[in-house]
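Here is how the chains run, residue by residue.
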Amino acid sequence: MTVGLLYADEMRGFYKSYVMLALWVGLPALTIAIHFLQPLIEPAMRDWSLSYVVSITIAGIGGPLASVSLSASIVSERNQKVYELFLIRPVRRSSLILAKFAATYTCLVVATVISLASGMVIDSWLGAPFESLWNEIVTSVVVTLSAMAMACAGAVLIGMFVSSVALASIVSIFGGEILILVPMLPNYFDPSADPVPLAIVSGLVITSLFLVLTIYLFNHRQI
Amino acid sequence: MSKSISVKFDGVSKRYGDVVALDQVSFEIGAGEVFGYIGPNGAGKTTTMKILVGLIPSFGGSVFVNGHDVRAKESGLHRVLGYLPQEAGFQEWRTVDSVLRTLGRLSGLSQQELNERIPQVLDLTRLSDVRYKRVVHLSGGTIQKVRLAQAILHDPGLIVLDEPMSELDPETRHQVRVMIRDMANKGTTVFLSSHILSDVQDIADRIGVLNHGHMLKVGTPDELQSHFQVGNVVEVILNRGSHPLPSFESVDGIERVEEMASNRTLIHMTHQSNVDATMGLILRMLVQSGCQVRNLNLIRPSLEEVYLRFVGGEP
């Protein structure tokens, strides 16, 4: 129940502080802009469907975006001693961490879905053949969502133990970029390998590992 | 856990690397008592309070609330605890109402209870006008009142206040003092630290003096004055043209005499002196010397003087 309350509170915070607006409107707008502008630089992209551009764009920025936004907000709130008033109540420290992770991840997943859906709608309207790239789109989205989960969990870990917003952002960008490569490792050895199974497994394992480690350390740490 | 909550610190120690924040601190706070906690900056007051409320999980010794170790999950402490930290921020997007609603829910209040309780607490802390304003846009004193409001929102049985008067104007400080006394009268146990020693003196039943992580003394304000051996002072003001004061220097029970401006003299008693007997002796000597006394006052040392004498520094 406490996780639910904290999760709802985090979502309210995202809404009130316009994070939702930035993600849910800004991200689709960005991908649509890329779709129409990028071919001017890269003529080969002219034939790509918007859905495909959306999926690879989000794959490229999703992990770092998740990581930076979450770690920076946690460091900032920690420095302001926001959590003291939560933790002196019947709230487990793990609930605080899980709620933050879940809320951020939800926002990013929704942003991904909205972006992709927007791309598909526009593709249909333009008559672009996104069906032919469906497998690539699905693969890209699964890999992205997995990387986002890992990046969010890594960001919670960084946010809880780094004191500077700038340092947390830098470490998170590096971490997010590295984590997004994990599900793609099979393709490094075998270009025809399917990254989806590894993406799902690594997403679950690494995310869980990061969260468990954060909770353990946070439980033994002074606020 | 009932409303009557007692607290016991038993040999509590805390180190930060080589720095000893608390060293074998032991004291008890009785149910319904207002316990003042004073000491200079860095004495360990905030560390003591954070250990009690569970924000510092690792420390030596034990802390019991109604006999339950605070480290035990079944202590139930967090359900009856109200805490006002020395510094605690709020997310930028939060309004005063949002602070109270979220923290109240986490304290176990239902929506219906919150709908009744929030207006009461806002009225008590005089925050009704800023209920829907963002906290970050409020003044320091008003934010302190928001911190206080969240601490008392769920009518806790034990309230821990770390420097509650800081940033408050004199009128609000008076209101807060009255509020704390009212809560204690209703059975709430209050653990209060402050640098404003007169505030502690006015409302605390007992006071603990902490310095460099050591508990120097626990007692009532009178006991502290006696323990720290600060003597009383007699103020004598003579009329113009009066005979001069007789010599008090060699009188038993008098430590020294201090001549002030405007015919005013301060006669410092030794801490062992019997106040009534020494006052009587001074009065007799004044009469016998033909002094025309305009005013004769017994000045008891304030807690601030006791405190400064003992910790040897500015509060």
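Residues numbered from 1 in each chain as written. Chains lettered and ligands numbered in written order. Predicted model: local features only at pLDDT ≥ 70, side-chain atom pairs only at ≥ 80, totals over all residues.

(A) Looking closely at the overall build of chain A. Helices and strands together make up the secondary structure of chain A, namely 9 helices and 0 strands. Start at the N end of chain A and walk to the C end: the helices and strands fall as α-α-α-α-α-α-α-α-α. Taking 2.2 N^0.38 as the reference for a compact globule, 223 residues should give roughly 17 Å; the C-alpha atoms of chain A span a radius of gyration of 18 Å, in line with that estimate. Dimensions along the principal axes, computed over C-alpha positions, put chain A at roughly 55 × 40 × 35 Å. The 223 residues of chain A split such that 46% are buried. Residue pairs at least 24 apart in sequence account for 84% of intrachain contacts in chain A once pairs closer than 6 positions are excluded. (Helix = DSSP H or I, 4+ residues; strand = E, 2+ residues; numbered from the N terminus. Rg over C-alpha atoms; globule rule 2.2 N^0.38 Å. Buried ≥ 20, exposed ≤ 12 C-beta atoms within 10 Å, placed from the backbone. Contact = placed C-beta atoms within 7 Å.)

(B) Spotlight on the confidence of the model for chain B. On average, chain B scores 87 in pLDDT, and the residues at 70 or more come to 92%. Under the prediction, the complex receives an ipTM of 0.83, its pTM being 0.79. (pLDDT = per-residue confidence, 0-100.)

(C) Just the sheet that holds strand β12 (residues 254-259) of chain B, in detail. Residues and elements named next belong to chain B. Read from one edge to the other, the open sheet built from 4 strands follows the order β12-β13-β11-β14, with strand pairing classed as antiparallel. The open sheet terminates on both sides in strands that have one partner only, identified here as β12 and β14 (293-299). Along the sheet, successive strands turn relative to each other by an average axial angle of 15 degrees, direction set aside. (Pairing = 2+ DSSP bridges. Axes fitted to C-alpha atoms, helices over the stretch in contact; angles between N-to-C directions.)

(D) Local environment of the nonpolar core. Cys152 and Val156 of chain A together with Val160, Val190 and Leu192 of chain B are the most contacted members of the largest nonpolar core, which totals 130 residues. Among the elements that line this core, the one with the most residues is helix α6 (residues 134-161) of chain A, at 16 residues. Apart from the residues lying within four places of it in its own chain, the contact partners of Val160 of chain B are Met49, Leu52, Val53, Leu81, Tyr83 and Phe191 of chain B. (Core = buried A, V, L, I, M, F, W, Y, C linked by C-beta atoms within 7 Å.)

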